[in-house]
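# Coordinate analysis (summary)
What follows is the residue order along each chain.
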Amino acid sequence: MGKELKASIMLFITSIIWGLAFVAQAQGMEHIGPFTFTASRSLVAIIFLYLTYVFFNKTSKSYREQKFDMKRTIRGGVLCGLVFTFGINFQQIGLVYTTAGKASFLTALYIVFIPIIGLFYGKKINRKLQLCIVLAMIGTYLMSVKGSLSMNIGDLITIFGSIVFAIHILMLSEFSKDTNAVLVSLIQFAVCGFFSLIAALIFEGIEIDAILKSYLAILYVGILSSGVGFTIQLMALKELDPVVASMISSLESVFGAVFGWLILSQSMSEREIIGGIIIFVATLIAQLPIEVFLQKKLEGR
């Protein structure tokens, strides 16, 4: 099995983990606020990633001898952590006001925002991506904008979060080379946990009893979604093109909607389902090499 195929399978599994994480995040806030939840999940992720790093260092000679740039690893972890802090807290706050299913689909818009951000670096948007952006806007409208042309505040906050996640993915792709994936993730969550803790102390106050009531959700999101998921994503970006990796990761939107329906009984109206399908189709088309396929067809003639 090739490295690219292994990375693709691991990312697919990660998309399932992230899809269920939307449910865990929603349930976790039944007793605590969004900043407290993010700080708690970050602490769990830090402990898990540290133990993972120590374990691999002791048991794997190849891991110990892995060559990487420590300064670049630290720099990448800090910068990605600062951006991630905004993205994950936007997402967490958005879940206070919207459903897990809608949040998962709206978060998947990061795939459409990536090429838009590329415009600022002189990268042109081809016709295929222009179509995808239009489709995504239509899907977002159907899911989030009501008859009064007003959006749910949770939808709007989640969309802001997806923009930040687009920036985050581009940064992860940049810092996936010449770095240690586990350490980058560990530093990232250390930065996120620190600033989220400060926000929790200022805006929410921290109650240990309330945190303990949400321990299952915190452990799931902290270990699997944060510790395992984001580390796998960073490792996969070493083997896969970020476009392909983003496409596979976007499947979290489907799993998020399914788990929200199965576990939280969060039903979606026909209008919202159609909007979600349009967003999902747009995210897939944005990543498929349609132009390459057509070019080969034309050359074959």
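Since the model is a prediction, treat every value here as computed from it, not as a measurement.

## Digging into the overall build of the chain
Helix and strand counts for the chain stand at 15 helices and zero strands. Sorting the 301 residues of the chain into buried and exposed places 52% on the buried side. Of the accessible surface of the chain, which amounts to about 15,000 Å², a share of 69% is contributed by carbon and sulfur atoms.

## Let's talk about the UniProt feature "transmembrane region" (unreviewed entry) in the chain
The UniProt record marks residues 36–56, 77–97, 103–122, 151–170, 182–203, 215–236, 243–264 and 276–294 with the feature "transmembrane region" (unreviewed entry), using the residue numbering of this structure. This span, residues 103–122, is 70% helix and 0% strand, and a straight line between its end C-alpha atoms measures 31 Å. Between the C-alpha atoms that bound residues 182–203 the distance is 31 Å, and the span itself is 100% helix and 0% strand.

## Some remarks on the environment of alanine 245
Looking at the secondary structure, you find alanine 245 in helix H12 (residues 242–249). Each C-alpha atom of the pair alanine 245 and leucine 234 lies 9.8 Å from the other, and the pair is eleven residues apart in sequence. Apart from the residues within four sequence positions on either side, alanine 245 is in contact with Leu11, Leu237 and Leu240.

## Overview of the nonpolar core
Phe84, Leu109, Tyr110, Ala166 and Phe189 are the most contacted members of the largest nonpolar core, which totals 35 residues. Broken down by secondary-structure element, the contributors of at least two residues to this core are helix H2 (34–59), helix H4 (70–97), helix H5 (100–107), helix H6 (110–118), helix H7 (127–144), helix H8 (153–174), helix H9 (181–203) and helix H14 (270–287). A per-element tally of this core places H6 first, with six residues. The contacts of phenylalanine 84, once residues within four sequence positions are left out, are Phe165, His168, Gln188, Phe189, Cys192 and Phe230. Ranked by size, the runner-up nonpolar core spans 17 residues in total, among them Ala217, Ile218, Tyr220 and Val221.

## Some details on the side chain of serine 226
Structurally, serine 226 can be placed in helix H11 (residues 215–239). At 2.8 Å, the side chain of serine 226 forms a polar contact with the side chain of arginine 41. Look past the residues within four positions of serine 226 in its chain and what remains in contact with it is Arg41, Ala45, Phe189, Val221 and Thr231.

## A short note on the pattern of salt bridges
Within the structure shown, the criterion is met by two salt bridges. A salt bridge links arginine 72 to glutamate 174, with the shortest nitrogen-to-oxygen separation between them at 3.6 Å. Of this pair, arginine 72 sits in helix H4 while glutamate 174 sits in helix H8, and the two are 102 residues apart along the sequence. On the basis of relative accessible area, glutamate 174 is assigned to the partly exposed category, the value being 46%. For lysine 102, the salt bridge is made with aspartate 155, and the minimal N-O distance between the two is 3.1 Å. Of this pair, lysine 102 sits in helix H5 while aspartate 155 sits in helix H8, and the two are 53 residues apart along the sequence. The burial state of lysine 102 is the same as that of aspartate 155; both residues are buried.

## Some words on the packing of helix H1 (residues 3–28) against H4
The N-to-C vectors of H1 and H4 enclose an angle of 65 degrees; their axes lie 9 Å apart at closest approach. Relative to H4, H1 is oriented roughly perpendicular. Crossing hand, H1 versus H4: right-handed. Side by side, H1 and H4 meet where Phe22, Gln25 and Ala26 of the first sit next to Gln91, Gln92 and Leu95 of the second. Broken down by class, the residue content of the contact of H1 with H4 amounts to three nonpolar, three polar and no charged.

## What about the environment of leucine 216?
Within the secondary structure, leucine 216 sits in helix H11. Accessibility expressed as a relative area gives 59% for leucine 216, which makes it exposed. Through-space distance from the C-alpha of leucine 216 to that of glycine 28 is 8.0 Å; in sequence the pair is 188 residues apart.

## Structural notes on unusual backbone geometry
Its identity is not glycine, yet aspartate 178 carries a phi of approximately 60 degrees, on the positive side. Within the element layout of this structure, aspartate 178 appears in the loop between H8 and H9. On the accessibility criterion, aspartate 178 (54% relative accessible area) is exposed.

## Let's talk about helix H13 (residues 252–264)
Taken together, the buried positions of H13 are Glu252, Ser253, Phe255, Gly256, Ala257, Phe259 and Gly260. Just downstream of H13, serine 265 is the residue with a positive phi angle, here 55 degrees.

## Examining the confidence of the model for the chain
When pLDDT is low, close inspection of the predicted coordinates is not appropriate. Predicted confidence across the chain gives a mean pLDDT of 83, with 89% of residues reaching 70 or more. The secondary-structure element of the chain with the lowest mean pLDDT is helix H15 (residues 290–300), recorded at 58, while H9 shows the highest, at 95.

## A closer look at the packing of H4 against H8
Relative to each other, H4 and H8 sit at 165 degrees, their axes nearing to 7 Å. Relative to H8, the element H4 is oriented roughly antiparallel. Between H4 and H8 the crossing geometry is left-handed. The residue makeup of the contact of H4 with H8, split by class, is 17 nonpolar, seven polar and two charged.

About the criteria used
- Residues numbered from 1 in each chain as written.
- Predicted model: local features only at pLDDT ≥ 70, side-chain atom pairs only at ≥ 80, totals over all residues.
- Heavy atoms only, no water.
- Helix = DSSP H or I, 4+ residues; strand = E, 2+ residues; numbered from the N terminus.
- Buried < 20%, exposed > 50% of the residue type's maximum accessible area, 1.4 Å probe, protein only.
- Areas by Shrake-Rupley, 256 points an atom, 1.4 Å probe, with all protein chains shown as cover.
- UniProt positions renumbered as here; feature names shortened; annotations may be inferred.
- Contact = heavy atoms within 4.5 Å.
- Core = buried A, V, L, I, M, F, W, Y, C linked by side-chain atoms within 4.5 Å.
- Polar contact = N/O pair within 3.5 Å; in protein donor to acceptor, adjacent residues only side chain to side chain.
- Salt bridge = Lys/Arg side-chain N within 4 Å of Asp/Glu carboxyl O.
- Axes fitted to C-alpha atoms, helices over the stretch in contact; angles between N-to-C directions.
- Parallel < 35°, antiparallel > 145°, perpendicular 65-115°, else oblique.
- Left-handed = near helix turned anticlockwise from the far one by under 90°.
- Nonpolar A, V, L, I, M, F, W, Y, C, P; charged D, E, K, R; others polar.
- pLDDT = per-residue confidence, 0-100.

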